[in-house]
Amino acid sequence: MPNPHAGRPIGPEVTDADIAAALEDLSVPALLMACVHLCEDDAQRRAILDGPVRPQGLFLNEYQGFMTPEDQAAGRALALDVIRAWRDRGCPEPEPLPPALLHEMMTWLACDTVGDEYVPMVLEELALDGADSRAPEPMAGAAAYPVVIIGCGMSGLLAAIRLQQAGFPFVVVEKNAGPGGTWWENRYPGARVDVGSHFYSYSFEPADHWTEFFSRQPELRAYFERVAEERGVREHVRFGVEATAATYDDESATWTVTLDDGDALTARAVVCAVGQLNRPFVPDVPGEFDGPAFHTARWPDDVDLTGKDVVMVGAGATGFQVAPAIADQVRSLTVLQRTAQWMFPNPGYHDAVGPGVGWAIRHLPFYGRWFRFLTLWPGTDTGLAAAKVDPAWEPQERSVSEVNEMVRTMFTDWITSQVDGDPDLVAKVVPPYPPTAKRTLQDNGSWLRTLTRDDVELVRSGVSRLEPDAVVDSDGVRHRADVLVWATGFRANDFLVPMTVRGRGGVDLHEHWGSRPRAHLGVTVPGFPNFFMLYGPATNLASGGSIILASECEVSYVLACLRMLVEAGGDTVEPTQAAYDDYYERTQAEVKTMVWSSPYIGHGYYQDEAGEVHGLNPWRLVDYWAWTRDPDPADLEVR
Ligand code: NAP
């Protein structure tokens, strides 16, 4: 089978001018790495890798490696020669390159050392050999282990694809009318992803269709719908049905999943893929508001904000996107933001993808894969350094280490440059707490520009009371409103609510957890055999990385557990108590050394009411990848 990433031949109708035009849209560093594959010999390859035209650094979302326009032009000219020669040879599929050379190419693009331990993970993610090596082999005997998947968002859909490949019978239960989870539900104006789409997409699916580098919700929703359709998952999904309980029966070693339509499904395993950011949180505020009031994740299709006075409570990642998207429409917008948010310059956040990019991903061998690396590398693990607390650093109220202080300076410079140094606004928008302690937002200037409008007011307060036509803030100031928008986030620390999960002996999972949700590798819990969570406790990524990559790791672990079960012909698989306790204790100890545990944040969903952090994964993704790819059999018990 041809390598799906090795490009479809370029026909004779594609002229040199056509190719040159397409190259204008591309990342020159990624393009040059694609060209290394197309070279005819080592001398030509060395000319690229050792030549003067090279990136000067790699920074998140900066796709040209800080190359000068002259160097970019030189890189494109060089690439055109290589591509033309390859086309004139008939577009042969490139020979595989040796792993050492691929490692060198990673280092070249990263402008930094790429540790040896990353190479297998990156090679698996890029799949330059054309093999989807995370796809499980069909398992003889899998047919005897039916599985219920709860949720058909990004991770439930992924689990379905992998279970199907392995040969497990499965049913997916989805409360919404279609797939996509968060991207189905969050239809608020301005909703878009903040991890580059060419990385925030399944590793095994083509990425030639994205029309923006950070796709908007409709495009993401369409993506998940298409994948569900094309992968044959859709016909296994019961849409519009919510699972209310999952109950294990010791005697039969089966799970019964109770549905809100009165039905129940029985299976030998459950994959619970309900997300961390799914159940809207709306604070309990006294008083009544008479106008339309809704949470951002429940944005009504028919609400018309034209000429209305709108009060929006909350401005985290969501409110930050809503405000610029509705400001032109409303008469006035008042944003009650209790805590300022750190933001990160991303000038290209709203940029369209030029047509050359899709063409290159389709036709230039491995361009799309190296472009994925450009998005993956600076967004994965590198952010952990800035989040690590140096206990000797002072004052911890403003930053937690020298690196963190440098980040603070960079973010502060960006913010102040966007508001023309307006001292009132600067005082409101520069957070006092250390950077990266809460989810860092990405800004191309649109949020701060919106705040400078006369018809938009940023109020740095919480909310204390509702009146029929107003919201009263925590300083007692009344803000008139026709429409009230709650951009107040999700019940991120209430894992799996409102579902009841009962394991061996009828033990309730929420009671077992108490206030400390936990799971081995974020996925399994002793006493809850064959029950697997995706995006469960300690799996959210706070310092970069794509949650899709994290989910692909979790699903690899699920399949590895199931393989052990099926091969043993057993009834149950679950982690040992020792492995579970050890993982929890180590993870908690690590989390406490990170800025997300800082006592100076004030508010934020990373911390629960006691200030503890249970949702975040503090580990390097490369370690998490290794642990989930090859789980230690000693950590698992098969009966
Ligand atoms: P969020 O980050 O938790 O923000 C909630 C906002 O509501 C904050 O401003 C918070 O203030 C405020 N708030 C909460 N309770 C309040 C109360 N009782 N009184 C007054 N204000 C209150 O929620 P979100 O914006 O929905 O984002 C959640 C997560 O979803 C993000 O971190 C991200 O992971 C994901 N997300 C991603 C994207 C994207 O990819 N672009 C977009 C949206 C969301 P405090 O800060 O003071 O708590």
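See above for the structure.
Read on for an overview of the structure. (Residues numbered from 1 in each chain as written. Predicted model: local features only at pLDDT ≥ 70, side-chain atom pairs only at ≥ 80, totals over all residues. Heavy atoms only, no water.)

## Looking at the packing of aromatic side chains
Enumeration according to the criterion identifies 25 aromatic pairs in this entry. A centroid spacing of 6.1 Å and a plane angle of 50 degrees characterise the contact between Trp342 and Phe411, whose relative ring orientation is tilted. On the criterion of sequence distance, the pair formed by Trp342 in the loop between strand E10 (332-336) and strand E11 (343-345) and Phe411 in helix H14 (residues 402-418) is long-range, its members being 69 residues apart. The class for Phe411 is buried, based on a relative accessible area of 3%. A centroid spacing of 6.1 Å and a plane angle of 70 degrees characterise the contact between Trp370 and Phe373, whose relative ring orientation is edge-to-face. One end of the pair is Trp370 and the other is Phe373, both in helix H12 (residues 367-376) and 3 residues apart, which spans about a single turn. (Phe/Tyr/Trp six-rings, centres within 6.5 Å; stacked < 30°, edge-to-face > 60°. Helix = DSSP H or I, 4+ residues; strand = E, 2+ residues; numbered from the N terminus. Buried < 20%, exposed > 50% of the residue type's maximum accessible area, 1.4 Å probe, protein only.)

## Things to note about the site of the ligand
The environment of the ligand is made up of 28 residues, and the closest members are Arg192, Thr318, Thr339, Lys438 and Tyr605. Residue Arg338 places a side-chain N or O atom 2.9 Å away from an oxygen atom belonging to the ligand. Contact distances for the ligand include 3.3 Å between an oxygen atom and a backbone N or O atom of Ala487. Counting residues per element, the shell around the ligand draws most heavily on helix H10 (residues 317-326), at 3 residues. Among the residues forming the shell around the ligand, the class breakdown is 12 nonpolar, 11 polar and 5 charged. (Near = heavy atom within 4 Å. Polar contact = N/O pair within 3.5 Å; in protein donor to acceptor, adjacent residues only side chain to side chain. Nonpolar A, V, L, I, M, F, W, Y, C, P; charged D, E, K, R; others polar.)

## Here we look at the layout of surface pockets
Space left empty within the atom packing is revealed by a probe, the size of a water molecule, rolled over the atoms. For the second largest pocket, the calculated volume is near 900 Å³. Forming the walls of the second largest pocket are 36 residues, and the residues nearest its centre are Leu60, Phe344, Pro378, Thr382 and Gly383. Of all elements in the fold, only helix H13 (384-387), H14 and strand E12 (441-443) reach the threshold of two or more residues within the lining of the second largest pocket. Per-element tally for the lining of the second largest pocket: the top contributor is H14, with 5 residues. Across the lining of the second largest pocket, the residue classes tally to 21 nonpolar, 12 polar and 3 charged. (1 Å grid on protein atoms, 1.4 Å probe; cavity = no way out; pocket = protein on both sides within 12 Å on 5 of 7 lines; lining within 4 Å. Points joined across faces, edges and corners; volume = space filled by probe spheres on them.)

## Comments concerning the packing of helix H1 (residues 16-23) against helix H4 (residues 69-88)
Running from N to C, H1 and H4 point in directions that differ by 135 degrees, and their axes come no closer than 10 Å. Taken as axis vectors, H1 and H4 run oblique relative to one another. Crossing of H1 against H4: the hand is right-handed. The segment H1 lies against H4, with Asp16, Ile19, Ala20 and Leu23 engaging Arg76, Ala79, Leu80, Ile83, Arg84 and Arg87. Among the residues forming the contact of H1 with H4, the class breakdown is 6 nonpolar, no polar and 4 charged. (Axes fitted to C-alpha atoms, helices over the stretch in contact; angles between N-to-C directions. Parallel < 35°, antiparallel > 145°, perpendicular 65-115°, else oblique. Left-handed = near helix turned anticlockwise from the far one by under 90°. Contact = heavy atoms within 4.5 Å.)

## Quick word on the environment of Asn61
The topology assignment puts Asn61 in the loop between helix H3 (42-49) and H4. With a relative accessible area of 14%, Asn61 lands in the buried category. C-alpha separation for the pair Asn61 and Ser201, spaced 140 residues apart in sequence, amounts to 16 Å. Beyond its immediate sequence surroundings of up to four residues, Asn61 is in contact with Phe214, Phe344, Asn346 and Gln442. Within the local environment of Asn61, its side chain forms a polar contact with the side chain of Gln442, the two groups lying 3.1 Å apart.

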